[in-house]
Amino acid sequence: MRGVLLAICFALGCAHQSPRAPPLTGWRELRSTHFTLRTNLPEDSARSTLEKLETLRWWLQVAWSTGGDSPGTTDAIVLGDPTELLTFTPSPGVATLSQGGPLLVTAGQTEALLGDRSPGVDILAHEVAHELIQHRMPGAPRWFHEGLAGYLETIFAVDDRHVRFGILRADQLYWQPLHLRGQTQIDATGNAVARKALSLDETESRRWESAAQDELTELYASARLWVGVLRTEEPTRMRALEAALAGGTSWRRAWADLRSGLDLARLQEKMFWSTQQSVSGPTEVRAVTPLPVSATRPVSERLLARWEVHLVLAELWAMAARTPGGEGFAPRVRTELEAAAAAAPAEPLPQLRLIELERDPDARRARAEALVQRFPTSAEARVFLARVLRDNGGPVEGRREAALAAIAAAPDDVDALTAHAIEEVRAGNAVGALRSVARAEALEPWNPAVFVARALVLESIGLCEEAADAVQRALDVLPDNPPPGDVQALVRERERIARTCARAGP
C-alpha cells in the first residue's frame, strides 16, 4: 500500500481525534469518465470532489513527457469526516489496490470552505498521482513512487493553460523546533533548521516499512527533494526513463542504466542550496489544454442501497487488513460481506466477495461454478469463475468455455483477458494468446498476474529467456510488503522456467 503519510496526518491533528464509525445511510455513487466515487459527503461536496479528481488527473498527466491518457478507471471512497477515516487508517489519504483494481481512499474536510467539504487538492493530487505512477512507471521503487507523488501533489494552476510543480511547504523543508533522535533541530537563535536530505544511496537503500516515524519523515522529504532535483536538473535522463518504461522496459533495468554517470555531489549541493535559500525548491512549469467541461460532470449519480454500503465498508476493512499489523481487521471484512449478502440475497456481488475469502481450491471452484449457474447474466460472476479456473487449476473441462464467456461478457477485464490467453495457448493459438496478454498489459502494467500469464504464453512457444524475464517483471511490480508466499511462488516459477523450458529452434 502506498501513500501512508503519517507525518502529515499528525500535523493535521489526527492524533488528537477519536475514530468514529461511518454511518450506513446518506451514501451516493457518482461516476465520471475515469472515476467511480462512493461517498457520504453532502451532495454538492460530492460533485466538487469528482470535479477535482478529473481535473487533477487531466493536469497531472502532463508531468510525463510520453503524453497520452492512462487507460482504466479508479474507484474512490471519500468519507464525510476525517474521524471516520481514522477507523481504518491514520493516513489522510491512501492509494492502494483492491481486488477490483486501483482504489483511492480519503476523507472530506470538517470545516467547509464556502460550503464545500471536499478533500484538499494536495491530498487528492497525491493519491491520484500514485495511481498514474502505477500505469506510467510500473515497478517504481518506494522512494521514487513516494517522492514523485509528493512532488506532484504540489501542483498549482498558474493560469488556465499552465500548471507548476515543485514548490514545497515550509514544513517539508525545515525541521520544526522539537527534539528528534535526541538532537534539537533548531539553531542558536531558536529558528528551525533546513532539512539536510539523505544521499541518493541512503534514500534508495532504507527500508520504509520498518522505519521509525522520524526516519519516515526524513525519507519522505529526501525522496521528494531527489525527485525534484532529478526532474529539473536531469530532464534528459528523466525523459529517457519515462520513454523506457512506456516501451515496456522494467524499472530495475531502466534505472540501472540511467543512474550510471549521475553527478550526485553536484545534485546534492543543488538541493542543499535551494533549501537553504528559500522554500522554493526545484520547480517546473508544464502547459495544459483546457479540460472539457463535460469531463467533470457526473455521467451518473445515485443513492447507494444499504447492502452496497456494507460492501464499501468491507473494502475499507480489507484495506486496513492489508497494512502491516492490520491482520486483526480481516474478520470485519467477512462481517460486512455477510451483512451485504443478507440484505440483498438476489445480488451476485456480495456472494462473489464471500467466495473470494474461501481458501480451499476445490470449494472455491465449486462455489464459483454455482454462482454462475445462479446468476447466468452476471459478467462479474463469469469473470470470477474464469479467474478461479486460471489460478486454481483443476479439471481442464469447462475452462475454455468459461474463459470465452468471460471475455465476451467483459472484453476489457484483465482477469478475463489473462484467462483467455492461457486457454488460447492450450488450444494452440499463441498469436491470439499474445494479443490478449498485450491488451491486459496495456490496461494494467502494474499487475503481476499479467506478467505471469505472459510468461506462460512465451514458455509455450519456446521463448524461454523472455518467459523468465516476464516472471521477473511480475516480481518487480509486486506491491509494497507483498506476502512472502507470493514472492516465493514467483521465484519458484522463474526457476522452473529456467530449468525446464525447451528453447525454440534456431
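Keep in mind the model is a prediction, meaning the values are calculated, not measured.

Undergrad: It is not clear to me how a nonpolar patch on the surface should be interpreted in this structure. Could you clarify?
TA: A contiguous nonpolar surface patch, about 270 Å² in accessible area, is contributed by Phe156, Val158 and Val285. Here Phe156 shows up in strand β6 (residues 156–159). Looking at Phe156, the relative accessible area reads 44%, which means it is partly exposed.

Undergrad: Would you mind going over the state of the cysteines with me for this structure?
TA: In total, this model carries one disulfide according to the counting rule given. The disulfide that involves Cys464 links it to Cys501, with 2.0 Å between the sulfurs. Handedness here is read from the sign of the S-S torsion; for Cys464 and Cys501, about -80°, the answer is left-handed. With Cys464 in helix α21 (residues 464–476) and Cys501 in the segment after α22 (484–500), this residue pair connects regions lying 37 residues apart in the sequence.

Undergrad: Is there a simple way to explain the sheet that holds strand β10 (residues 284–287) in this structure?
TA: One open sheet accounts for three strands, arranged β6-β7-β10; its pairing is antiparallel. Across the chains shown, the open sheet's two edge strands, defined by having one partner strand only, are β6 and β10. The average undirected angle you get between the axes of adjacent strands in this sheet is 35°. Relative to strand β7 (residues 162–165), β6 runs antiparallel, the two sharing three bridges. Bridged to Phe156 within β7 is Arg164.

Undergrad: Before we go on, may I ask you to explain the sheet that holds strand β3 (residues 74–79) in this structure?
TA: Sheet strands associate in pairs through backbone hydrogen bonding, adopting either a parallel or an antiparallel arrangement. Taken together, six strands build an open sheet; the order of strands is β4-β5-β3-β2-β1-β11 and the sheet is mixed. This sheet does not close on itself; its edge strands, each paired only once, are β4 (93–98) and β11 (300–303). Each strand of the sheet is rotated relative to its neighbour by a mean of 20°, with strand direction disregarded. Taken together, the five bridges between β3 and strand β5 (residues 101–107) define a ladder with parallel strand orientation. Considered in β5, the bridge of Val78 is made with Thr106. Those strands touched by helix α2 (residues 43–60) are β1 (28–31), β2 (35–39), β3, β5 and β11, and its axis lies near 150° from that of β2. The strands touched by helix α12 (residues 306–322) are β2, β3, β4, β5 and β11; relative to β4, the strand with the most contacts, the crossing angle is about 100°.

Undergrad: It is not clear to me how the packing of helix α16 (residues 379–392) against helix α17 (residues 399–409) should be interpreted in this structure. Could you clarify?
TA: A pair of packed helices is captured by two measures, namely the crossing angle of their axes and the spacing between those axes. Put simply, α16 and α17 touch, their axes get as near as 8 Å, and they point 140° apart. With respect to α17, the axis of α16 lies oblique. Handedness of the α16/α17 crossing: left-handed. Contact residues: α16 offers Ala379, Arg382, Val383, Leu385, Ala386 and Leu389, while α17 offers Arg399, Ala402, Ala403, Ala405, Ala406 and Ala409. A breakdown of the residues in the contact of α16 with α17 according to their chemical character gives 10 nonpolar, no polar and two charged.

Undergrad: Please explain the environment of Leu219 as it appears in this structure.
TA: Assignment of secondary structure puts Leu219 in helix α8 (residues 213–233). Of the residues examined, Leu219 reaches a relative accessible area of 1% and is grouped as buried. Counting along the chain gives 15 residues from Leu219 to Glu204, while the straight-line C-alpha distance between them is 9.3 Å.

Undergrad: How should the environment of Arg399 be read in this particular structure?
TA: Within the fold, Arg399 resides in helix α17. Remark: the alpha-carbon pair of Arg399 and Val388, spanning 11 residues in sequence, is separated by 9.8 Å.

Undergrad: Would you mind going over the side chain of Glu444 with me for this structure?
TA: Inspection of the secondary structure puts Glu444 in the loop between α19 (430–443) and α20 (448–460). The buried charged residue Glu444 lacks any salt bridge, with Arg390 as its nearest oppositely charged partner at 8.3 Å. Reaching out from Glu444, the side chain makes a polar contact with the side chain of Asn447 at a distance of 2.7 Å. In contact with Glu444, not counting residues within four places along its chain, are Val414 and Val450.

Undergrad: Mind showing me how you'd approach the packing of aromatic side chains here?
TA: By convention here, two paired aromatic rings are described through the distance between centres and the angle between planes. Taken as a whole, this structure holds nine aromatic pairs when the rule is applied. Ring centres of Trp143 and Phe144 lie 5.3 Å apart, and the angle between their planes is 85°; this geometry places the pair in the edge-to-face category. Per residue, the accessibility class of Trp143 equals that of Phe144, and both read buried. For the pair Trp143 and Trp255, a centre-to-centre distance of 5.8 Å together with 55° between the ring planes defines the contact as tilted. Residue Trp143 is located in helix α5 (residues 142–152), and its partner Trp255 is located in helix α10 (residues 251–259); the two are separated by 112 residues in the primary sequence. The exposure classification of Trp143 matches that of Trp255, with both residues buried.

Undergrad: Where do I start with the pattern of salt bridges in this structure?
TA: Side chains that differ in sign of charge can pair as their charged atoms come close. All chains considered together, the criterion is met by 36 salt bridges. Put simply, Glu459 and Arg496 hold a salt bridge, and the shortest N to O gap is 2.8 Å. Taken as a pair, Glu459 in helix α20 and Arg496 in helix α22 lie far apart in primary sequence, 37 residues in all. Look at Glu459 and you get buried, because its relative accessible area is 17%. Residue classification places Arg496 among the partly exposed positions, given a relative accessible area of 24%. A salt bridge links Glu493 to Arg496, with the nearest nitrogen and oxygen atoms 2.8 Å apart.

What counts, and at which threshold
- Residues numbered from 1 in each chain as written.
- Predicted model: local features only at pLDDT ≥ 70, side-chain atom pairs only at ≥ 80, totals over all residues.
- Heavy atoms only, no water.
- Patch = residues over 30% accessible without salt bridge, like charges linked within 9 Å, V, L, I, M, F, W, Y side chains within 5 Å.
- Areas by Shrake-Rupley, 256 points an atom, 1.4 Å probe, with all protein chains shown as cover.
- Salt bridge = Lys/Arg side-chain N within 4 Å of Asp/Glu carboxyl O.
- Helix = DSSP H or I, 4+ residues; strand = E, 2+ residues; numbered from the N terminus.
- Buried < 20%, exposed > 50% of the residue type's maximum accessible area, 1.4 Å probe, protein only.
- Disulfide = S-S within 2.5 Å.
- Pairing = 2+ DSSP bridges.
- Axes fitted to C-alpha atoms, helices over the stretch in contact; angles between N-to-C directions.
- Contact = heavy atoms within 4.5 Å.
- Parallel < 35°, antiparallel > 145°, perpendicular 65-115°, else oblique.
- Left-handed = near helix turned anticlockwise from the far one by under 90°.
- Nonpolar A, V, L, I, M, F, W, Y, C, P; charged D, E, K, R; others polar.
- Lys, Arg positive; Asp, Glu negative; His and termini not counted.
- Polar contact = N/O pair within 3.5 Å; in protein donor to acceptor, adjacent residues only side chain to side chain.
- Phe/Tyr/Trp six-rings, centres within 6.5 Å; stacked < 30°, edge-to-face > 60°.

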